[in-house]
Amino acid sequence: MKKKTLVPLIIFLLGMCLVGLIVYKTDTHEKAERHTTAQFNAATYGERIKNEIITGIEITNTLEQILISEDGEINHFDTIAENIISDSIASIQLAPDGIVTDIYPANGNEAGKIDLLHDKDRKEISCYARDHHTIITQGPFELKQGGMGIAVRNPVYLKDENGQEYFWGFTIVILRIPDIFSDSIDAISNFGYEYRLSKTDTPWSDTYTIIEQSDGEMLHPVSYSFTIGEEKWIFEVTPENGWRNTTLIAIIIGFFTFILLLLSGLTRVWLVSKENKNKFQRLAHTDFLTNIHNRYGFDELAKEMISKNPKEYFIAALLDIDDFKFINDIYGHVYGDRALKSLADSMKAFFPHDVLLGRNGGDEFCVLLPNYTFKKAEELFQKFTKIPKTFSYKGKEYPFYISLGYAEYPTFASNYAQLMRCADAALYGIKLHGKNGCMAYREELQSGVRKQLGFAFKDIAEHLPGAFIIYKADKKDDELFYANHEFLHMAGYKNIDEFFKLTKKRFRNLIREDEQQQIESSIWKQIDSGNENDYIHFHLRKADGSYLSVLDHGRIVESQQYGRVFYVLFMDWEDMHIHYKDKFSE
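All values reported here derive from a predicted model rather than from experimental measurement.

Here we look at the pattern of salt bridges
Using the criterion set out here, one finds 20 salt bridges in the structure. Among the salt bridges present, the one from Lys199 reaches Glu231, with a minimum N-O distance of 3.7 Å. Separated by 32 residues along the polypeptide, Lys199 in strand E6 (residues 193-200) and Glu231 in strand E9 (residues 231-239) bring together distant segments of the chain. The exposure class assigned to Glu231 is buried, which follows from its relative accessible area of 0%. Where Lys325 meets Asp329, a salt bridge forms, and the shortest distance between an N and an O atom there is 2.7 Å. Highlighted residues: Lys325 and Asp329, both in helix H8 (residues 324-331), separated by four residues, approximately one helical turn. Each of Asp27, Lys31 and Arg244 takes part in salt bridges that share partners, so that together they form one network.

Right, here's the structure in full:
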């Protein structure tokens, strides 16, 4: 009887000790895991919030650069503001000498025209921004149109004729909150976190004001700090259900009455740990923007596939977006990201499910086709490169194009690394052949092909042995886009800014007035007759108002960004007669 009681009791006590140990270890591990994950998310989304705010602030930098380039003047302010404003921006303002004079949109913002340097609520912080050359933010405050906002004021300094710096005023943007960082807030909420975003009241203060927060209670939050200008921001997060996984603990404690339940609980802990491990492994191998493999994940899986099937044929391809920097520069990085996601979605929809897809970084993507040869892959890649690809910008779809190079294993490569180098050489080969297409690797494509891409447009244009300009091929709008150094020197302009200013960016203003109508008619007569190249002799107006007799050799070209443009070379007429007088006398 004692044995029957003692053995179960010993088993029970040992089981309780084991359960106690398991509960302690599990609780510590879960809290550590949740802290680690929460800290990671706080840093990730705190940085994203910072970047989203800075993206809004960059509007003030854009206006500042225009003011600097235009000597303190902004013409067509409403047009410029309309083109750069977004849904998360309540208004854009100019405050010369600290007095708000221009607001876009004007409707509903009339009360915003105030003297910032003397207003009782704005004087101190505005003077600080002026005196310390730093961007400041103020708020949050209620907007007249509804909702809350933050004012961002960027002090602008110009130089007078003596080169002395003076305070011009402020460029200002009113950011809607939480609209400006709504994507990050929505994401962190979807992950099951309470959050709070705060900032210091002023650059010199240690007192924080809450900018935005969730409805739940913040218990022992983890935080991520960042600085904008000279003001400190803190982004705090905490799990909605607290740091302790009470459900798991209750389940494990309940297992002590029966060994089967105990084993079941241990199994559940093991499964939960495995699930968490797999989740982090997927995150480590996945590109967060496009939701396909990142470079690390792609390389690891591709090497594994080839090593397991060394005698099988594989096709590796590298592709990127043509002129991707142009998309970022013109439309902004947010829309560059949209182009990247659009391309990734197009790849996922087009290629079979057994094809490995990845993003190397930037705008470069990679593809591995198992059991494919050149002949089979050529038709596939040709079709894919011709599929229309677009991204959305302000409700309108804009096209973009890709270049793709591919290579075959084991025909040209004995391992994965060599295969990718061959695909890389093919990619740069198609770049040299005009982009917007695909090319298969061949033996004459060596790594040296990259050297041929070292000649950038600026290098070539600035070192042409002749004067060169580009302007719009439009009878009513002959806007000047570019002039190389040789042309500026020939025509006596100090720099491109003086050239644009004196000519008002019009090609016709380069022609002597009495010749303008005749020369323009002659150019378009040649073009309308189907001749893409024309030669015109006229008198070129120089920067000092004098004239130079020149021969204009032009060609009309179709540009993806600007439509039809003229590429024009100029030759000094008198120099031609001097150097080639024998030819002219014949």
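Comments concerning the packing of helix H7 (residues 295-308) against helix H11 (residues 416-432)
Close contact between H7 and H11 brings their axes to 10 Å; oriented N to C, the two are set at 115 degrees. Contact residues: Phe298, Asp299, Ala302, Lys303 and Ile306 in H7; Tyr416, Leu419 and Met420 in H11. Split by residue class, the contact of H7 with H11 holds six nonpolar, no polar and two charged.

Overview of the packing of H8 against helix H9 (residues 333-350)
At their nearest, the axes of H8 and H9 sit 7 Å apart, and the two run at 140 degrees to each other. Classified by the angle between their axes, H8 and H9 sit oblique to one another. Here Phe324, Ile327, Asn328 and Tyr331 of H8 lie close against H9, whose contacting residues are His333, Tyr335, Gly336 and Leu340. Of the residues assigned to the contact of H8 with H9, the class counts are five nonpolar, three polar and no charged.

Digging into the nonpolar core
Among the nonpolar cores identified, the biggest contains 42 residues, and Ile53, Ile92, Phe181, Phe235 and Val237 are the most heavily contacted of them. Leu289, Ile315, Phe365 and Phe384 belong to the second-largest nonpolar core, a separate cluster that totals 35 residues.

With respect to the pairing of strand E1 (residues 89-96)
Among the eight residues that make up E1, seven are buried, leaving the element largely enclosed by the rest of the structure. With seven bridges joining them, E1 and strand E5 (residues 165-177) adopt antiparallel strand pairing. Counterpart to Leu94 in the pairing with E5 is Thr171. Count of turn residues in the E1/strand E2 (residues 102-104) antiparallel hairpin: five residues, of which Asp97 carries a positive phi of about 55 degrees.

Considering the sheet that holds E9
Pairing is antiparallel in the open sheet, where four strands are placed in the order E7-E6-E9-E8. Single-partner strands in this sheet number two, and they are strand E7 (208-213) and strand E8 (222-228). Taken over all neighbouring pairs, the strand axes of this sheet differ in orientation by 25 degrees on average, direction set aside. In this sheet, E7 lies alongside E6 in antiparallel orientation, the contact comprising five bridges. When the bridges of E7 are listed, Lys199 appears paired with Thr209.

Here we look at the sheet that holds E5
On the basis of which strands lie adjacent, the open sheet formed by five strands has the order E2-E1-E5-E4-E3 and antiparallel pairing. Bordering the open sheet on either side are E2 and strand E3 (136-142), each of which pairs with just one other strand. Going across the sheet, the axis of each strand differs from the next one's by a mean of 20 degrees, ignoring polarity. Here strand E4 (residues 148-159) pairs with E5 via 12 bridges, running antiparallel. Opposite Met148, over in E5, you have Ile177 as the bridge partner. Each of E1 and E2 touches helix H2 (residues 77-84); the most contacted strand, E2, lies at about 35 degrees to it. The strands touched by helix H3 (residues 123-132) are E3, E4 and E5; relative to E4, the strand with the most contacts, the crossing angle is about 35 degrees.

Structural notes on the environment of Val156
With respect to the helices and strands, the residue Val156 is situated in strand E4. For Val156, a relative accessible area of 0% corresponds to the buried category. When the C-alpha positions of Val156 and Arg130 are compared, they lie 8.3 Å apart, and in sequence the two are 26 residues distant.

A closer look at the side chain of Thr200
Mapping Thr200 onto the fold places it in strand E6. For Thr200, a relative accessible area of 2% puts it in the buried group.

Structural notes on the pairing of E5
By the criterion of burial, E5 is predominantly enclosed, with 10 of the 13 residues buried. Here E4 hands over to E5 after five residues, with Gly163 in that stretch at a positive phi of 80 degrees.

Brief notes about unusual backbone geometry
Pro105 follows Tyr104 through a cis peptide bond whose omega is -5 degrees. Residue placement: Pro105 occurs in the loop between E2 and H3. The omega torsion of the bond from Gly139 to Pro140 falls at 10 degrees, within 30 degrees of zero and hence cis. Its location among the elements puts Pro140 in strand E3.

Each value, and the rule that gives it
Residues numbered from 1 in each chain as written. Predicted model: local features only at pLDDT ≥ 70, side-chain atom pairs only at ≥ 80, totals over all residues. Heavy atoms only, no water. Salt bridge = Lys/Arg side-chain N within 4 Å of Asp/Glu carboxyl O. Helix = DSSP H or I, 4+ residues; strand = E, 2+ residues; numbered from the N terminus. Buried < 20%, exposed > 50% of the residue type's maximum accessible area, 1.4 Å probe, protein only. Axes fitted to C-alpha atoms, helices over the stretch in contact; angles between N-to-C directions. Contact = heavy atoms within 4.5 Å. Nonpolar A, V, L, I, M, F, W, Y, C, P; charged D, E, K, R; others polar. Parallel < 35°, antiparallel > 145°, perpendicular 65-115°, else oblique. Core = buried A, V, L, I, M, F, W, Y, C linked by side-chain atoms within 4.5 Å. Pairing = 2+ DSSP bridges.

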